[in-house]
Amino acid sequence: CWRDNANTMSVLYAGTPALKTRLGVLGKLQDGVNSVTRYVLNNFYDGAKQDAIALFLGYVDVAALRQDHDVFARPATDHTLAALLERVALVFLGCFLLAAVLVAQGPL
């Protein structure tokens, strides 16, 4: 089934099942949960996987690997408690807005 293929590819690439595979309120809630999960995975856990995909697709200059600099270097990010709290607040705000939209729509 195409939906099973979509879920398999989505789990391999994004870490969660495909979005919009279920209808109704439960489908929207599941999509919200999957979106928040993807945000956390993409921002905190997927660095090595993205590096491997970039290497596999040929986006990395292999000749540069022999030099002393890091070809996978990323710009420095803010790992302070304030930055973490800001991200958590944004995730909760997104969940709150999703819930508000679902309540405003009423029963489907």
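Up top you'll find the structure we're talking about.
None of these values were measured; they are calculated from a predicted model.

### With respect to the overall build of the chain
For the chain, the helix and strand inventory stands at four helices and zero strands. Going from N to C terminus, the chain has its helices and strands arranged as α-α-α-α. In the chain, which comprises 108 residues, the share counted as buried stands at 15%. Long-range contacts, defined as pairs at least 24 residues apart, comprise 46% of the intrachain contacts of the chain with a sequence gap of at least 6. With the model as given, the accessible surface of the chain reaches about 8500 Å², and the carbon-plus-sulfur share is 67%.

### So, the packing of helix α1 (residues 2-14) against helix α3 (residues 47-57)
Following both chains from N to C, one finds α1 and α3 inclined at 105 degrees, their axes separated by 10 Å at the closest point. Between α1 and α3, the interaxial angle falls into the category roughly perpendicular. Two secondary-structure elements touch here, α1 through L12, Y13 and A14 and α3 through K49, Q50 and I53. In terms of residue class, the contact of α1 with α3 is made up of four nonpolar, one polar and one charged.

### A closer look at the packing of helix α2 (residues 24-44) against helix α4 (residues 81-105)
Contact geometry for α2 and α4: axes closest at 11 Å, N-to-C directions at 165 degrees. Taken together, the axes of α2 and α4 lie roughly antiparallel to each other. Our pair here, α2 against α4, has a crossing hand that is right-handed. Residues K28, L29, G32, V36, Y39 and F44 of α2 form the contact with α4, whose own contacting residues are L84, R87, V91, C95, L98, L102 and Q105.

### Structural notes on the side chain of T16
Take T16: it is sitting in the loop between α1 and α2. Here the side chain of T16 touches R38 through a polar contact of 2.6 Å, side chain to side chain.

Conventions we followed
Residues numbered from 1 in each chain as written. Predicted model: local features only at pLDDT ≥ 70, side-chain atom pairs only at ≥ 80, totals over all residues. Heavy atoms only, no water. Helix = DSSP H or I, 4+ residues; strand = E, 2+ residues; numbered from the N terminus. Buried < 20%, exposed > 50% of the residue type's maximum accessible area, 1.4 Å probe, protein only. Contact = heavy atoms within 4.5 Å. Areas by Shrake-Rupley, 256 points an atom, 1.4 Å probe, with all protein chains shown as cover. Axes fitted to C-alpha atoms, helices over the stretch in contact; angles between N-to-C directions. Parallel < 35°, antiparallel > 145°, perpendicular 65-115°, else oblique. Nonpolar A, V, L, I, M, F, W, Y, C, P; charged D, E, K, R; others polar. Left-handed = near helix turned anticlockwise from the far one by under 90°. Polar contact = N/O pair within 3.5 Å; in protein donor to acceptor, adjacent residues only side chain to side chain.

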